[in-house]
Amino acid sequence: MNTSLRILLAVPILIAGISAAGPKLSFDDGKKSLEIMQAYQIWGVATLDPKSVPVPDPRADLYFRRARLGLKGQAYPKLDYLVWFAYDNLGKDPNTGTLGTPQIVPNTTFQVWDAYMTYHLDSTWANVSLGLFRPQVGSEFISSFTAVPSLEKALTHYYVRDHLLTRPSGRETGINAGGFLADSVKKWAVGYNFGIFDANQEKTTAVAAGSLKWSPLLTGRVSATVGDPENKEYKLSTDLNSFGKRTGLTLSAYATWQGESDEKLDTTQANPYIGGFKRNSVYGSSLLLNWRYLELDGEFDFLYREFTDAFPALYAATKKNAAYVPFTSFQDKVWHIRAGYSIPIPAGQFLEPSLLYSAFIGDKSSPINTDGTDNVLDGGLNWYIQKNSLKVSLHYVVQDGEAKSQFTQGPDKKGALKQRNDYLALGVLIGI
């Protein structure tokens, strides 16, 4: 490895020294509060053997994989709020082999990520959230990027997001009711969430102004724990690493349903299918095992979509995708298994070797990912300086797959093809 690449990959370590607590204000005799939050995921990435067409040089890249600025607090007794803004992928090279699309040159992307409030009608059984937020489905989807032991989130996040939702953020406007009952003495817990969302915009309906046909997205998730609860109270996200504080197993199951939206084909595109369905669903299950310093989590999801009777013949008539097998429905699959072991070291810090394997398998009748595959193997070492608030990670990621999946983009009309490649990354996670 040349000197410049060594320097580039070392830069995130120097940045780690800037972590500090964000300011928090209380007023109205402590009944109201406001806290400023920030979170940064900074990566130095070496893409060693790019295989896109045309083939780019190997390269080093230093960029902000994720960047967040937000506010949270209490608006009134029993009413909490949270607003996150995102400006991700600042400085990313288009030919770097990682997930995510670079910002355009002027770096103009600064967008609302979350904007919701939660009213605790009953703190155990009736917590109602309203606004723009993640539907409660798979554990990987609802976990924060700050909580996962792998460098990047598993494929179970990305394929579920794109199957269900419009926005790259994975957020939609809606309402969710949930509860969480835990007994830390008898060592058990149960939880539930049921939501309704308006997922009726361009990506899932193929119409920029929205579909003429309308159906809400309905979601449901239940969980059961044997042993220590994974959370102390009701939350919309999951923490995976307990840093030796938990011994317990949580099993979750979830399902979604959305009815008919406009089916659209565009024969000028390489893939003529641009959205719509008769019915759309995700269903699956996940597990989280914490055995003191050991963390093991896994998930398996089925991505189901059904079309009207006329759709397969209309699609096949475009003659754009010879691999497609005409059928009125398809069911893709995506899963992951991941483990980490947090080794205590002095000053309340931890070293954690971790390993992730994640895979996607596309159905032959899927017009989106026809018979496609996508595989990720991520192995590395995490150094938790302040648990999930300050972490340095060194990971090597091996990626493979076939056409008609998120592994590849293209080829376009000029034959250009981009794909994710193997890479070595040194990352710093900073929560302020």
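Nothing here was measured: the structure is a model prediction, and the numbers come from that model.

What exactly am I supposed to notice about the overall build of the protein here?
Assigned secondary structure in the protein consists of 5 helices and 22 strands. Computed over C-alpha atoms, the radius of gyration of the protein comes to 22 Å, within 12% of the 22 Å expected from 2.2 N^0.38 for 432 residues, which places it in the range of a compact globule. Viewed in the frame of its principal axes, the protein has a C-alpha envelope of about 65 × 55 × 40 Å. Taking all 432 residues of the protein together, 50% fall into the buried category. Long-range pairs, those at least 24 residues apart, make up 67% of the contacts in the protein between residues at least 6 apart in sequence.

Can you walk me through the pairing of strand β5 (residues 111-122) in this structure?
The two faces of a sheet get side chains in turn, since along a regular strand they alternate between them. The pairing of strand β4 (residues 79-86) with β5 spans 8 bridges and is antiparallel. The partner of alanine 86 across the bridge, within β5, is glutamine 111. Sheet topology note: the β5/strand β6 (residues 126-133) ladder contains 7 bridges and is antiparallel. Within β6, the position partnered with histidine 120 by the bridge is asparagine 127. Taking the residues that link successive antiparallel strands as the turn, the β5-β6 hairpin has 3 residues.

Just to check I follow, could you spell out empty space enclosed by the protein for this structure?
Overall, the coordinates contain 5 cavities of 30 Å³ or more when judged by the stated rule. When its volume is computed, the largest cavity comes out at roughly 190 Å³. Asn193, Arg221, Ser223, Asn231 and Lys235 are, among the 19 residues lining the largest cavity, the residues nearest its centre. Those elements that place two or more of their residues in the lining of the largest cavity are β7 (172-183), β8 (188-197) and β9 (217-227).

Is there a simple way to explain unusual backbone geometry in this structure?
Peptide bonds are mostly trans, and most non-glycine residues show a negative phi. For the bond from valine 53 to proline 54, the omega torsion is -5 degrees, close enough to zero to count as cis. Of note, the phi angle at aspartate 29 is positive, near 55 degrees, even though the residue is not glycine. For lysine 78, which is not a glycine, the phi torsion comes out positive at approximately 75 degrees. One can find lysine 78 in the loop between β3 (59-76) and β4. For lysine 78, a relative accessible area of 46% corresponds to the partly exposed category.

How do you make sense of the nonpolar core when you look at a structure like this?
When a protein is soluble and globular, its nonpolar side chains tend to lie buried together. By size, the foremost hydrophobic cluster in this structure holds 38 residues, and its most contacted members are Leu164, Leu303 and Tyr423. Looking at this core, the elements with two or more residues in it are β2 (32-47), β4, β5, α2 (139-142), α3 (155-164), β8 and β22 (423-431). In terms of nonpolar packing, the next biggest core, distinct from the first, is built from 11 residues, Tyr40, Leu390, Val392 and Ile430 among them.

Sorry if this is basic, but what is going on with α3 here?
Most of α3 sits inside the fold, with 9 of its 10 residues counted as buried. Within α3, burial applies to Leu155, Thr156, His157, Tyr158, Tyr159, Val160, Arg161, His163 and Leu164.

Before we go on, may I ask you to explain the side chain of lysine 391 in this structure?
Assignment of secondary structure puts lysine 391 in strand β19 (residues 390-401). At a separation of 3.2 Å, a polar atom in the side chain of lysine 391 contacts the main-chain carbonyl oxygen of valine 148. Ignoring any residue separated from it by four or fewer positions in sequence, one finds lysine 391 in contact with Thr146, Val148, Asn382, Trp383, Tyr384, Gly427, Val428 and Leu429.

Calculation criteria
- Residues numbered from 1 in each chain as written.
- Predicted model: local features only at pLDDT ≥ 70, side-chain atom pairs only at ≥ 80, totals over all residues.
- Heavy atoms only, no water.
- Helix = DSSP H or I, 4+ residues; strand = E, 2+ residues; numbered from the N terminus.
- Rg over C-alpha atoms; globule rule 2.2 N^0.38 Å.
- Buried < 20%, exposed > 50% of the residue type's maximum accessible area, 1.4 Å probe, protein only.
- Contact = heavy atoms within 4.5 Å.
- Pairing = 2+ DSSP bridges.
- 1 Å grid on protein atoms, 1.4 Å probe; cavity = no way out; pocket = protein on both sides within 12 Å on 5 of 7 lines; lining within 4 Å.
- Points joined across faces, edges and corners; volume = space filled by probe spheres on them.
- Core = buried A, V, L, I, M, F, W, Y, C linked by side-chain atoms within 4.5 Å.
- Polar contact = N/O pair within 3.5 Å; in protein donor to acceptor, adjacent residues only side chain to side chain.

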